[in-house]
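One-letter residues, chain by chain:
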Amino acid sequence: RGVVMDSACDSDVQIGPCIQSLVQSIAAIVQMAASIDHDGSEEGRKSAAIAARRASLALIGEKSVAKEYLQRKPEKLLTKLSSADTAAVHRLEPP
């Protein structure tokens, strides 16, 4: 049996915060992937770290291709993906 520790789950996420959350998740994955793309040298690690930050900033910025892509998706689909099943969560919360 699982235990959920999120006491602030939301079953009615609005589209703005939903898209922001999804974009931040994408940015984190891209940043991690870009940061390990180096040859092991100090210069390679520094270059990869800079590239990772730039990629992350591009994804969370005003002209984000990720935001643009997500904004074309149906709102109901995105909010459903970002909303918690609060009944299940409350059932699994510790006392």
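Shown above is the structure to which this text applies.
The structure contained in this document is the topic of the report that follows.

The rules we used
Sequence order as written defines residue numbering, which begins from 1 separately in each chain. In view of the model being predicted, local features appear only for residues whose pLDDT reaches at least 70, and side-chain atom pairs are presented and counted only at 80 or more, with totals across whole chains, interfaces and linings using the full set of residues. No hydrogens and no water enter the side-chain calculation; it runs on all heavy atoms of the structure. Throughout this description, the term salt bridge denotes a Lys or Arg side-chain nitrogen within 4 Å of a carboxyl oxygen of Asp or Glu. Secondary structure elements are taken from DSSP: a helix is a run of H or I of four residues or more, a strand is a run of E of two residues or more, and numbering for both begins at the N terminus. Accessible area is worked out with a 1.4 Å probe on protein chains only. A residue is then buried under 20% of its type maximum, exposed over 50%, and partly exposed in between. Where helices are involved, their axes are fitted lines through C-alpha atoms of the stretch in contact, as for all axes, and angles between N-to-C directions lie from 0 to 180°. Put simply, angles under 35 degrees are roughly parallel, angles over 145 are roughly antiparallel, angles from 65 to 115 are roughly perpendicular, and the rest are oblique. Note: crossing handedness is left-handed where the near helix turns anticlockwise from the far helix by less than a right angle, and right-handed where it turns clockwise. The contact rule is simple, with two residues in contact once any of their heavy atoms fall within 4.5 Å.

**Considerations on the pattern of salt bridges**
All chains considered together, the criterion is met by two salt bridges. The salt bridge involving E42 is made with R45; its shortest N-O contact spans 2.9 Å. Remark: R45 and E42 occur in helix α2 (residues 42–60); sequence separation between them is three residues, near one turn of the helix. The class for E42 is partly exposed, based on a relative accessible area of 46%. Residue R72 pairs with E68 through a salt bridge whose shortest N-O separation is 3.3 Å.

**Let's talk about the environment of G16**
Position of G16 among the secondary structure elements: in helix α1 (residues 15–35). The exposure class of G16 is partly exposed, given its relative accessible area of 45%. Residues G16 and E75, spaced 59 residues apart in sequence, show a C-alpha to C-alpha distance of 9.8 Å.

**Observations concerning the packing of α1 against α2**
Contact geometry of α1 with α2 gives a least axis separation of 8 Å together with a crossing angle of 165°. Classified by the angle their axes make, α1 and α2 are roughly antiparallel. You can see that α1 and α2 cross each other, and the crossing is right-handed. Along the contact surface, α1 presents V23, I26, A27, V30, Q31, A34 and S35, while α2 presents A48, A51, A52, R53, A55, S56, L59 and I60.

Interpretation note: all reported values are geometric properties and have no functional meaning in isolation.
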